[in-house]
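These are the residues of each chain, in order.
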Amino acid sequence: MISELLIISVGAILINNFVLVQFLGICPFLGVSKKVETATGMGMAVVFVMLCASALTWVVQNYLLVPFGLEYMQTIAFILVIAVLVQFVEMFLQKSIPSLYNSLGVYLPLITTNCAVLGVAINNITKFGGVEMSFIKSIVYGTSAGLGFMLAIVLFAGVRERLETSNVPEFLKGMPIVLVTAALLSIAFLGFSGLSF
Amino acid sequence: MSNVLIAVLIIGGLGIIFGILLGVASKIFAVKIDERVPEILEVLPGANCGGCGFAGCSAYANALCAGGVKPNMCPVGGAAVAEKISDILGVQAEEKEKMVARVLCNGSPDRAVQKYTFDGPRDCHSAAVLGGGEKMCPHGCLGFGSCVSVCKFGAISVETGVAVVDVEKCVACGACALECPKKIIKILPAKSKYTITCKSVEKGKITRRDCAVGCIGCGICAKNCPKEAIVVKDNVAVIDPNKCVNCGICASKCPQKAINKVC
């Protein structure tokens with residue numbers, strides 16, 4: 001059991017990293033990665049949303065959609081769940097950590113339509129990687145996916161902070177060098193696909 | 001039919017439950033927003049030009065309500081808006097001096113010597129990269145209108161190869177001054193009508209070679225100014241707008257015609 005959870009976790013964080021290997025959730029990855037601080041905040045918000053989303057969507061899927069034969073409503077139902085969660089996180093942040101709320105800006109509501117979060121929910125159901133997802137497993141998977149996102153965005157923010165002070169050729173300044181960096185990071189993460197258990 | 005009904009009921013039910021939950025949460029996590037902020041936003045022009053020094057109108061409104069910020073910083077709205085904001089905040093309005101952007105170059109192509117003809121993209125930054133632009137003078141207006149494209153108020157235009165500011169439309173937001181790669185646009189008090197339309201700090205001989213209307217730093221204006229408002233520094237004269245009384249003696253004495261009345 002434990003080893004299975006570990007495999008799921010390592011798989012979601014490193015081998016099938018949501019951002020760098022599956023290319024989900026690129027928008028906040030590029031948008032909120034200017035500073036390590038905000039990137040960490042965004043990462044934590046995504047971890048929380050993914051955790052809750054995978055738990056809630058599992059319940060919705062197995063107790064509402066499957067018994068009534070409504071699997072075709074998956075996307076709508078899941079988006080509804082995710083939207084509510086994000087709204088909740090937004091209210092919470094606005095009240096408790098206004099500075100983080102301000103620096104996340106528009107990207108916070110954008111988690112609603114973030115394909116990474118929906119991807120977690122859908123992957124949970126489609127027996128991702130041939131693993132049958134129980135409730136515990138889907139929570140572990142969701143959290144790991146969030147942690148993977150956080151790892152990617154924080155690493156990337158670190159690189160970008162370093163880029164600020166480096167001598168970049170004029171034609172690569174700004175977004176171009178950021179995209180090149182993201183691609184290199186992604187190639188680096190491909191190395192994990194050699195991990196086997 | 002019943003399938004459709006079940007689907008509607010379940011998704012609708014989910015929606016309602018979530019709605020109620022969010023409604024409760026919004027009460028618990030309610031944040032007090034200063035009610036003056038939307039009122040001030042209403043009064044502000046909403047151009048989001050950043051002329052006040054804040055990220056936009058809403059940032060300025062927030063800063064105003066937080067205190068410690070003067071209500072007269074909006075260059076677009078001017079005195080009228082400052083008064084309204086002061087009413088809302090309940091503080092006394094201060095007169096803000098009208099500022100305006102001045103282009104410190106008058107070297108149209110017939111006056112300034114050209115080095116070469118620039119064929120590249122029609123924007124000043126591209127031209128500036130290539131040997132500092134077409135003009136011999138390294139401080140000359142490039143005339144490709146990068147300032148025109150950033151002006152949100154249509155107050156600046158390039159007609160004879162040099163940018164010209166429409167004082168009536170200019171709100172002194174400073175966007176053009178920031179954009180200009182040559183940094184020859186300055187935000188100056190509007191009350192001084194005379195400006196030294198040159199920024200060449202080169203020696204007089206070189207300036208004279210490069211441009212027919214460049215300031216050569218001879219100092220005749222400074223000597224003739226009755227108010228001692230002109231100082232020559234680094235081979236270029238500068239008028240202190242606070243001392244200037246718009247007599248126009250400097251403009252008439254300048255041998256290079258580098259001092260001009262710009263309304």
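The shown structure was predicted, so the numbers you read here are calculated from the model rather than taken from an experiment.

Asks: Looking at this structure, how should I read the overall build of chain A?
Replies: Secondary structure assignment for chain A yields 9 helices and 0 strands. Going from the N terminus to the C terminus, chain A shows its helices and strands as α-α-α-α-α-α-α-α-α. When burial is assessed residue by residue, chain A has 46% of its 197 residues classed as buried. If you take every contact in chain A between residues at least 6 apart in sequence, the share linking residues at least 24 apart comes to 77%.

Asks: Which parts of the structure should I look at to understand the interface of chain A and chain B?
Replies: How big an interface is tends to be expressed through the accessible area that disappears when the partners come together. Contact with chain A, which involves 17 residues of that partner, is made by 14 residues of chain B. Contact with chain B buries surface across chain A, with Val-84, Met-91 and Lys-95 of chain A losing the most and accounting together for 31% of the total. Counting across the chain A and chain B interface gives 0 residue pairs in polar contact (both at pLDDT 80 or more). Only α3 (36-65) and α4 (74-96) of chain A provide two or more residues apiece to the side of chain A that touches chain B.

Asks: Honestly, the pattern of salt bridges in this entry has me stumped. Any pointers?
Replies: A side chain of one charge can pair with a side chain of the opposite charge when the charged atoms of the two come close. Residues and elements named next belong to chain A. Taken as a whole and judged by the stated rule, the model has 3 salt bridges over all chains. Glu-4 is the salt-bridge partner of Lys-137, the closest N and O atoms lying 2.5 Å from each other. Residue Lys-137 is located in helix α8 (residues 135-164), and its partner Glu-4 is located in helix α1 (residues 2-15); the two are separated by 133 residues in the primary sequence. Overall, Lys-137 belongs to the buried group, its relative accessible area being 10%. As a salt-bridge pair, Glu-170 and Lys-173 come within 3.5 Å of each other at their nearest N and O atoms. With relative accessibility at 63%, the residue Glu-170 sits in the exposed group. Assessed through its relative accessible area of 46%, Lys-173 is described here as partly exposed.

Asks: Would you mind going over the packing of helix α7 (residues 115-125) of chain A against α8 of chain A with me for this structure?
Replies: A pair of packed helices is characterised by two quantities: the angle between their axes and the separation of those axes. Residue and element names in this part refer to chain A. Where α7 contacts α8, the axes come no closer than 10 Å and their chain directions differ by 150°. It follows from the interaxial angle that α7 and α8 lie roughly antiparallel. The way α7 lies across α8 gives a crossing that is right-handed. Contacts between α7 and α8 involve Val-120, Asn-123 and Asn-124 from the first element and Ser-138, Tyr-141, Gly-142 and Ala-145 from the second.

Asks: It is not clear to me how the packing of aromatic side chains should be interpreted in this structure. Could you clarify?
Replies: Given two aromatic rings, their pairing is described by the distance between the two centres and the angle made by the two planes. Here the structure, examined in full by the defined rule, presents 8 aromatic pairs over all chains. Arranged with centres 5.6 Å apart and planes meeting at 85°, the rings of Phe-88 of chain A and Phe-29 of chain B form a pair that is edge-to-face. Placement of the pair is Phe-88 of chain A in helix α4 and Phe-29 of chain B in the loop between α1 (2-28) and α2 (36-43), with the two residues belonging to separate chains. A relative accessible area of 31% places Phe-88 of chain A in the partly exposed class. Here the aromatic residues Trp-58, Tyr-63 and Phe-135 of chain A are joined through ring pairs into a cluster of three or more.

Asks: Sorry, what's going on with helix α9 (residues 175-190) of chain A here?
Replies: Note: α-helices contain 3.6 residues per turn, so residues at a spacing of three or four share the same orientation. All names here are of chain A. Taking 1.5 Å per residue as the helical rise, α9 with its 16 residues ought to reach 22 Å, and the 23 Å between its terminal C-alpha atoms agrees with that figure. Taken as a whole, α9 has its buried residues at Ile-177, Val-178, Thr-181, Ala-182, Leu-185, Ser-186 and Phe-189. For α9, the secondary structure elements touched by its buried residues are α1, α2 (26-31) and α8.

Asks: Would you mind showing me how to read the nonpolar core here?
Replies: The biggest cluster of nonpolar side chains holds 63 residues, and the ones touching the most others in it are Phe-29, Met-42 and Ile-111 of chain A. Listed in part, the 19 residues of the second largest apolar core include Cys-141, Val-167, Cys-180 and Ile-184 of chain B.

Cut-offs used in this document
- Residues numbered from 1 in each chain as written.
- Chains lettered and ligands numbered in written order.
- Predicted model: local features only at pLDDT ≥ 70, side-chain atom pairs only at ≥ 80, totals over all residues.
- Heavy atoms only, no water.
- Helix = DSSP H or I, 4+ residues; strand = E, 2+ residues; numbered from the N terminus.
- Buried < 20%, exposed > 50% of the residue type's maximum accessible area, 1.4 Å probe, protein only.
- Contact = heavy atoms within 4.5 Å.
- Buried area = accessible area lost by both parts, 1.4 Å probe.
- Polar contact = N/O pair within 3.5 Å; in protein donor to acceptor, adjacent residues only side chain to side chain.
- Salt bridge = Lys/Arg side-chain N within 4 Å of Asp/Glu carboxyl O.
- Axes fitted to C-alpha atoms, helices over the stretch in contact; angles between N-to-C directions.
- Parallel < 35°, antiparallel > 145°, perpendicular 65-115°, else oblique.
- Left-handed = near helix turned anticlockwise from the far one by under 90°.
- Phe/Tyr/Trp six-rings, centres within 6.5 Å; stacked < 30°, edge-to-face > 60°.
- Expected span 1.5 Å × (residues − 1).
- Core = buried A, V, L, I, M, F, W, Y, C linked by side-chain atoms within 4.5 Å.

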